[in-house]
Amino acid sequence: MTRSSNNYIMALDQGTTSSRAIIYNSKAQKIALVQQEFSQHFPKPGWVEHDAVELYLCSLTVMQQAIRQAKINSEQISAIGITNQRETVVVWDKNTGEPVYNAIVWQCRRTADIVSSLIKDGKGSTIQEKTGLIPDAYFSATKIKWILDNVKDARKKAENGELLAGTIDTWLVWKLTAGKVHITDYTNASRTMLFNIHSLEWDTELLSMMDIPRSMLPEVKDSSCIYGTTDKDICGFEIPIASCIGDQQAALFGQGCFNSGEIKTTYGTGCFMLMNTGNTPIMSKNNLLTTIAISTDGKVQYALEGSVFMGGATIKWLRDQLGIIRTAHECDTLAESVTDSNGVVLVPAFTGLGTPYWDPYARGILVGLTRGANKAHICRATLEAIAQQVNDMLLCMQEDSGIQIKQLKVDGGASISNVMMQFQADILNKPVFRPKNVETTALGAAFCAGLATGFWKSKDEILNIWKVDKIFMPTMKSNQREMLRIQWTRAVERSKGWIAEQ
């Protein structure tokens, strides 16, 4: 395929709260963007689910609408790149195509006890050595196990080879190709807690540990290659699907972090920091994750990763649960109206704490309240909490890698907040670079698909596309930075083990 006959690339960005389809031209400029939210289900405290069928239909709708919005024919699209919320898992009947249960979302904590049992049985070190992951309910393995153990006849059907499982990329490709293709890529496989990142295969010992049949799992391929074609009877068009990549790895690629030592943070529902470590996996001593950054042309690159569960979702909490703001922008406006948080500290451990604490029993706390505290201070404390969590990750990453990080690239919806990005630079004491296109997750998937089809010829061409929007330089005095750091650390300690202490 060449640009003369295929002028565009489509990215399908299937996130935690919405699906987006974006169509790009050869200069990576958006010519169409359609976004649609879908339902969130919270059947019990700490449980988070999605309706997998609704999720697929939402994705299909935005793809179709984006083509219409762009006023182009589907034949003009060179390929589709898919990027997805990671760890969220679907189990479905391969004969009927129907899920046996809702998708269990990465945020869901229902399997914390299963993980605790694995650790008590002395299996934690084996899991970490093979997968690079710290055993946690965050990952897919125990979610699949829970479905097999708790849904009627699920285990029996799985053992008979009647059920399939996969992360959201796998589910979407299977549906879009009318059940012809059951695949995932190395980045998503590396997030399941079932994949050996050294031998690059589903691990027999881990599968046995979780009691999950190998027949359920997809074939693992490069992040950038042609997997199949959308089914015309299903989608109304035939377009090659030429990339699948987990959302955070997609953002790393979209930021042009192709070399060892380059780092980015994405501010989405959660906050995720990844550092490219090249061809060698670095096993963390500071509770970071070792994961696969990308695989192209049969070659794997690795990354160190820090994961914060509540990033932009904390701002939504202010809007949807507390009702003190009506829009995310209002949070910024209120935060900018005060010079500091007036001593208020929020620890948004609503679904536990991620890096570097990994405490599924922690819960959110709001401390330092006085009669002078108002909603503007709470908004500022919210933005500061997001930035403090990112700082936690960066300090660990510097120590593990031995690299003194000079700058941080940022992206994601919440990175448009100038007040938060300035505080981020201040608390890191490092420059923060925000690109013109902060939607680098979708862009990374588009780049992967474009490289697979020759739409873009090389990584050098991609690097020439990346442009900086604003650089935030640190201005905070060191004594203030240290004081805020101490306050944050004290608050985090109070949030730990909250459920376990009940």
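Quick look at the structure, then. Each chain carries its own residue numbering, running from 1 in the direction its sequence is written. With the structure being a predicted model, the display of local features is reserved for residues of pLDDT at least 70 and the display and counting of side-chain atom pairs for 80 or more, all residues being used for whole-chain, interface and lining totals. Side-chain numbers come from the whole structure's heavy atoms, not from hydrogens or water.

What to know about the sheet that holds strand β5 (residues 77-84)
In this scheme, strands are said to pair when DSSP sees at least two bridges between them. Helix and strand definitions here come from DSSP, where helices need a minimum of 4 consecutive H or I residues and strands a minimum of 2 consecutive E residues; each element is numbered from the N-terminal end. With mixed pairing, 6 strands are arranged side by side in an open sheet as β3-β2-β1-β5-β14-β13. The open sheet has two edge strands, β3 (30-37) and β13 (224-229), and neither has a second partner. Averaged over all neighbouring strand pairs, the angle between strand axes comes to 25 degrees, with direction disregarded. As judged from the 7 bridges shared by strand β2 (residues 18-24) and β3, these two strands associate in the antiparallel manner. Note on β3: the bridge partner recorded for Arg-20 is Gln-35. Relative to β3, helix α1 (residues 52-70) is tilted by about 150 degrees, and along the sheet it contacts β1 (8-14), β2, β3 and β5. Lines fitted to C-alpha atoms define the axes, with helix axes restricted to the stretch in contact, and inter-axis angles between N-to-C directions lie between 0 and 180 degrees. Note on contacts: a residue pair is in contact if any heavy atoms of the two residues lie within 4.5 Å.

Some words on the nonpolar core
Of all hydrophobic cores here, the largest spans 53 residues; its most connected members are Ile-144, Leu-194 and Met-216. Among the elements that take part in this core, helix α4 (residues 141-150) stands out by supplying 5 residues, more than any other. Ignoring sequence-local partners within four residues, the contact set of Ile-144 consists of Val-89, Val-91, Ala-165, Leu-194, Ile-212, Met-216 and Leu-217. Residues enter a nonpolar core if they are buried and are Ala, Val, Leu, Ile, Met, Phe, Trp, Tyr or Cys, with the set joined through side-chain atoms within 4.5 Å. Here's how the labels work: a residue is buried when its accessible area is under 20% of the maximum for its type, exposed when over 50%, partly exposed in between, all with a 1.4 Å probe on protein chains only.

Looking at the pattern of salt bridges
One speaks of a salt bridge when a side-chain nitrogen belonging to Lys or Arg is within 4 Å of a carboxyl oxygen belonging to Asp or Glu. Throughout the structure, instances matching the rule amount to 21 salt bridges. Among the salt bridges present, the one from Glu-305 reaches Arg-86, with a minimum N-O distance of 2.5 Å. Of this pair, Glu-305 sits in strand β18 (residues 299-308) while Arg-86 sits in the loop between β5 and β6 (89-93), and the two are 219 residues apart along the sequence. When its relative accessible area of 0% is taken as the criterion, Glu-305 is described as buried. With a relative accessible area of 2%, Arg-86 lands in the buried category. Connected through shared salt-bridge partners, Arg-86, Glu-87, Arg-191, Asp-247 and Glu-305 make up one network.

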